[in-house]
Number of protein chains: 2
Amino acid sequence: MNSHSALFQQRLKSHAEVVEATLADLLSPDLRTGETARPERLMAAIRHGVLNGGKRLRPFLVMESAALLGDRFACAALRVGAALECVHCYSLVHDDLPAMDDDDLRRGQPTVHIAFDEAAAILAGDSLLTLAFDILAAPETALADRAKIELVLSLARAAGIGGMVGGQVLDLAAEKTPPDEAGIVTLQAMKTGALIRFACEAGAIIADADGATRDRLRRYGETIGLAFQLADDLLDLTADTQTMGKATGKDAARGKGTLVSLKGQEWAENRLNELVGEAEGLLAPFGERANILVETARFIANRRS
Amino acid sequence: MNSHSALFQQRLKSHAEVVEATLADLLSPDLRTGETARPERLMAAIRHGVLNGGKRLRPFLVMESAALLGDRFACAALRVGAALECVHCYSLVHDDLPAMDDDDLRRGQPTVHIAFDEAAAILAGDSLLTLAFDILAAPETALADRAKIELVLSLARAAGIGGMVGGQVLDLAAEKTPPDEAGIVTLQAMKTGALIRFACEAGAIIADADGATRDRLRRYGETIGLAFQLADDLLDLTADTQTMGKATGKDAARGKGTLVSLKGQEWAENRLNELVGEAEGLLAPFGERANILVETARFIANRRS
């Protein structure tokens, strides 16, 4: 492990801790935003779905892409990151429902509809999606109104019909009719790519960066989004190969085509190296300051868990 | 029918038509907000859940509360009203799900999870909630950034944990443990009151009105929200009394206490008259311009369908 990698690991861990604490505050059962108390069981279901010790990769990307452009955006980036994590967690809670992916476990814990019930899981997800926009717009997020509006709009588009939700629809359809290569690329860019891209672009919006910088961070986000998905597909294949003694994993079992299953493991590994190279190229103009984001791209491409 | 009432009916109808057309545009399957197409089946499910010829009372309230303060806010108010209707429709689609109220029919048509499937209904609802914030923040909504941020924040709070979603949680819990009078008032203020209050307050935000005006419209919204719920409870009771030949309706059958079941029909009718009087008092300073909103309060209190 080189020194950049060690620094990255340390920052990933420390950012995750502060994000966890921020989320715990925002999801406090005692917090009041108006005259009405927060229903106790709803808050328990929401907290179960969010406060589970995740890596908090998306908030990390918001925080580091903002830090790339200056030190004074840390507090705002933390709140934007927390809002984004609420959207990510809402999508997991809804995706786990019986009518969707029907998963009973997440991170070794019962999913929300198992620990509570289906209604609680639906409403916890709805609450988290709504809360994300509350957090972005709230006075406590110390940003200019223009930046807030850009964040609201970008997040709504990344999470909505042309982004994450649309991608989930295509993903469910893919179980019945396997898409071709172009279809898989579109599906993945929407389902997982859009939020990761938003995370990186958010740093530029928070820092009120010029258009070229924003475009560069947006493309960096797209690139590591592709790497994230490819590494995920590879992991699904290789983890199952080793542990289950068969050549196809969960995706294949569900009939989902992936680029790895279409084009092979070697192609995927080469493509991952290429994507890391592209990410480095996009970050080159930022010099030393970008070391952490370069390391992030490597981590995403090489992760084996 | 007096002339104010006739004018009200005509405006309710014409506003509903323009809202319907605006929603149909916003939910066009061909519309693109980025590089990706809108998934066809998702759009069909969303359109099924929204374009059903509803009264569009909430957009009407946004449009009329803005019109009270000037004529130049009409376009912005229409878009804000459409965003609010997306939130209202998302809540109906999710509330109808088997895990929630389990309703097969709405307005005589199969509900979204019946016409499509449960996954489609969950994702259609998620899409509509997300789209509402997209519409508010989009450049096409011609408002100052500050007004947009206030609308995003107010809508998120009206729809979220301390508002509509929280109210739905309390409502589901009320089927098991009937709440007392204070509990019913809180539940109803959250579940149906919050969005109606937002609708009226939105007019003041759109028109950048002073604090006193905003407060007045907010209180008007609270007042007609109470009347709306009371009329609904009365309707549930009397409609069933006449058609089913029994004294208790759907709410009572589900074990839900209402203020009408606690305090009786006569009390409810007196209280409705009182609320209309309060609404008139709140609108008095606006003079003639407020005739339509006065008529709206009467319509809400007296509606029998």
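Everything numeric in this text was worked out from a predicted model, so none of it was measured. (Residues numbered from 1 in each chain as written. Chains lettered and ligands numbered in written order. Predicted model: local features only at pLDDT ≥ 70, side-chain atom pairs only at ≥ 80, totals over all residues. Heavy atoms only, no water.)

Moving on to the overall build of chain A. A tally of helices and strands in chain A yields 14 helices and two strands. Since a compact globule built from 305 residues should have a radius of gyration of about 19 Å, the 19 Å found for chain A is in line with a globular shape. Along the longest, intermediate and shortest principal axes, the C-alpha atoms of chain A span 55 × 50 × 35 Å. By the burial criterion, 56% of the 305 residues in chain A qualify as buried. For chain A, the exposed area adds up to about 12300 Å²; of that, 51% sits on carbon and sulfur atoms. (Helix = DSSP H or I, 4+ residues; strand = E, 2+ residues; numbered from the N terminus. Rg over C-alpha atoms; globule rule 2.2 N^0.38 Å. Buried < 20%, exposed > 50% of the residue type's maximum accessible area, 1.4 Å probe, protein only. Areas by Shrake-Rupley, 256 points an atom, 1.4 Å probe, with all protein chains shown as cover.)

To continue, consider helix H3 (residues 57-67) of chain A. Counting buried positions along H3(A) gives ten out of eleven residues, so the element sits mostly inside the fold. Within the sequence span of H3(A), burial applies to Leu57(A), Arg58(A), Pro59(A), Phe60(A), Leu61(A), Val62(A), Met63(A), Glu64(A), Ser65(A) and Ala66(A).

What follows concerns the packing of helix H6 (residues 118-137) of chain A against helix H7 (residues 145-159) of chain B. Orientation of H6(A) relative to H7(B), taken along the N-to-C sense of each, is 145 degrees, at an axis distance of 8 Å. Note that H6(A) runs across H7(B); the crossing there is left-handed. Contacts between H6(A) and H7(B) involve Thr130(A), Phe133(A), Asp134(A) and Ala137(A) from the first element and Ile149(B), Val152(B), Leu153(B), Ala156(B), Arg157(B) and Ala159(B) from the second. Counted by class, the contact of H6(A) with H7(B) contains seven nonpolar, one polar and two charged residues. (Axes fitted to C-alpha atoms, helices over the stretch in contact; angles between N-to-C directions. Left-handed = near helix turned anticlockwise from the far one by under 90°. Contact = heavy atoms within 4.5 Å. Nonpolar A, V, L, I, M, F, W, Y, C, P; charged D, E, K, R; others polar.)

Bringing the relation of the copies chain B and chain A into the picture now. At an RMSD of 0.0 Å, chain B and chain A line up after a rotation of 180 degrees and a shift of 0.0 Å along the axis. Each copy turns onto its partner about a two-fold axis. Considering only C-alpha atoms, the residue of chain B closest to the rotation axis is Asp145(B), which sits at 2.8 Å. Most of the interface of chain B is mirrored in chain A, where 100% of its interface residues again form contacts. (Least-squares fit on C-alpha atoms with pLDDT ≥ 70 in both.)

Turning to the side chain of Asp126(A), a few remarks are in order. With respect to the element layout, Asp126(A) can be found in helix H6. For Asp126(A), which is buried and forms no salt bridge, the nearest opposite charge comes from Lys191(B), at a distance of 12 Å. Among residues more than four places away in sequence, those in contact with Asp126(A) are His94(A), Tyr90(B), His94(B), Asp126(B), Leu129(B) and Val165(B). (Lys, Arg positive; Asp, Glu negative; His and termini not counted. Salt bridge = Lys/Arg side-chain N within 4 Å of Asp/Glu carboxyl O.)

This part takes up the confidence of the model for chain A. Model confidence for chain A is summarised by a mean pLDDT of 92, while 93% of its residues fall at 70 or above. pLDDT under 50 marks residues 244-248 of chain A. Its contacts with residues more than four places away, or in other chains, come to eight contacts. (pLDDT = per-residue confidence, 0-100.)

The parts lose accessible area when they come together, and the size of an interface is often stated as this lost area. Contact with chain B, which involves 49 residues of that partner, is made by 49 residues of chain A. Between chain B and chain A the total buried area reaches about 4200 Å² when both faces are included, carbon and sulfur atoms providing 75% of it. Counting the contacts that link chain B with chain A gives two salt bridges. In this structure, the salt-bridge partner of Asp134(B) is Arg157(A), at a minimum N-O distance of 3.0 Å. Here chain B and chain A share four residue pairs in polar contact (both at pLDDT 80 or more) between them. Listing elements by their share of the side of chain B that touches chain A, those giving two or more residues are helix H2 (40-50), helix H4 (74-95), helix H6 (118-137), H7, helix H8 (164-174) and helix H9 (181-206) of chain B. A breakdown of the residues in the side of chain B that touches chain A according to their chemical character gives 28 nonpolar, ten polar and eleven charged. (Buried area = accessible area lost by both parts, 1.4 Å probe. Polar contact = N/O pair within 3.5 Å; in protein donor to acceptor, adjacent residues only side chain to side chain.)

Residues and elements named next belong to chain A. Remark: helix H2 (residues 40-50) packs on H6, axes separated minimally by 9 Å, with the N-to-C direction vectors making an angle of 75 degrees. It follows from the interaxial angle that H2 and H6 lie roughly perpendicular. Between H2 and H6, the contacting residues are Arg41, Leu42, Ala45, Ile46 and Val50 on the first element and Ala120, Leu123, Ala124, Ser127 and Leu128 on the second. (Parallel < 35°, antiparallel > 145°, perpendicular 65-115°, else oblique.)

Turning our attention to helix H7 (residues 145-159) of chain A. All names here are of chain A. An ideal rise of 1.5 Å per residue puts 21 Å on 15 residues; H7 measures up with 21 Å between its terminal C-alpha atoms. With eleven of its 15 residues buried, H7 lies for the most part within the structure. For H7, the full list of buried residues reads Ala147, Lys148, Ile149, Leu151, Val152, Leu153, Ser154, Leu155, Ala156, Ala158 and Ala159. (Expected span 1.5 Å × (residues − 1).)

Here the focus is the pattern of salt bridges. Residues and elements named next belong to chain A. Applying the stated criterion across every chain yields a total of 42 salt bridges over all chains. As a salt-bridge pair, Glu85 and Arg56 come within 2.9 Å of each other at their nearest N and O atoms. Placement of the pair is Glu85 in helix H4 (residues 74-95) and Arg56 in the loop between H2 and H3, with a sequence separation of 29 residues. With respect to burial, Glu85 and Arg56 carry one shared label: buried. Put simply, Glu201 and Arg218 hold a salt bridge, and the shortest N to O gap is 2.9 Å. Note that Glu201 is positioned in helix H9 (residues 181-206) and Arg218 in helix H10 (residues 211-244), a separation of 17 residues in sequence. Taking the relative accessible area as the measure of exposure, Arg218 reaches 24% and is therefore partly exposed. What you see here is one network of salt bridges that share partners, running through Glu150, Glu201, Arg214 and Arg218.

On to the layout of surface pockets, then. Looking at the second largest pocket, its volume works out to about 1400 Å³. Leu92(B), Arg106(B), Thr192(B), Phe228(B) and Asp232(B) are, among the 47 residues lining the second largest pocket, the residues nearest its centre. Within the residue set of the lining of the second largest pocket, elements represented by two or more residues are H6 of chain A together with helix H3 (57-67), H4, strand S1 (105-106), H8, H9, helix H10 (211-244) and helix H11 (250-253) of chain B. Looking at the lining of the second largest pocket, the element that brings in the most residues is H4(B), giving eight residues. Across the lining of the second largest pocket, the residue classes break down as 14 nonpolar, twelve polar and 21 charged. (1 Å grid on protein atoms, 1.4 Å probe; cavity = no way out; pocket = protein on both sides within 12 Å on 5 of 7 lines; lining within 4 Å. Points joined across faces, edges and corners; volume = space filled by probe spheres on them.)

Quick look at the environment of Ala212(B) now. With respect to the helices, strands and loops of the structure, Ala212(B) is situated in helix H10. Exposure remark for Ala212(B): the relative accessible area of 57% places this residue in the exposed category.

Residue and element names in this part refer to chain B. Relative to the helices and strands, Ala174 resides in helix H8. Given a relative accessible area of 4%, Ala174 falls into the buried group. For the pair Ala174 and Trp267, spaced 93 residues apart in sequence, the C-alpha to C-alpha distance is 22 Å.

Phi is positive for Asp208(A), which is not a glycine, with a value near 50 degrees. Along the chain, the position of Asp208(A) falls in the loop between H9 and H10. Residue Asp208(A) is classed as exposed on the basis of its relative accessible area, which comes to 55%. Here the phi dihedral of Arg56(B) falls at roughly 60 degrees; this positive angle occurs in a residue that is not glycine. On the accessibility criterion, Arg56(B) (2% relative accessible area) is buried.

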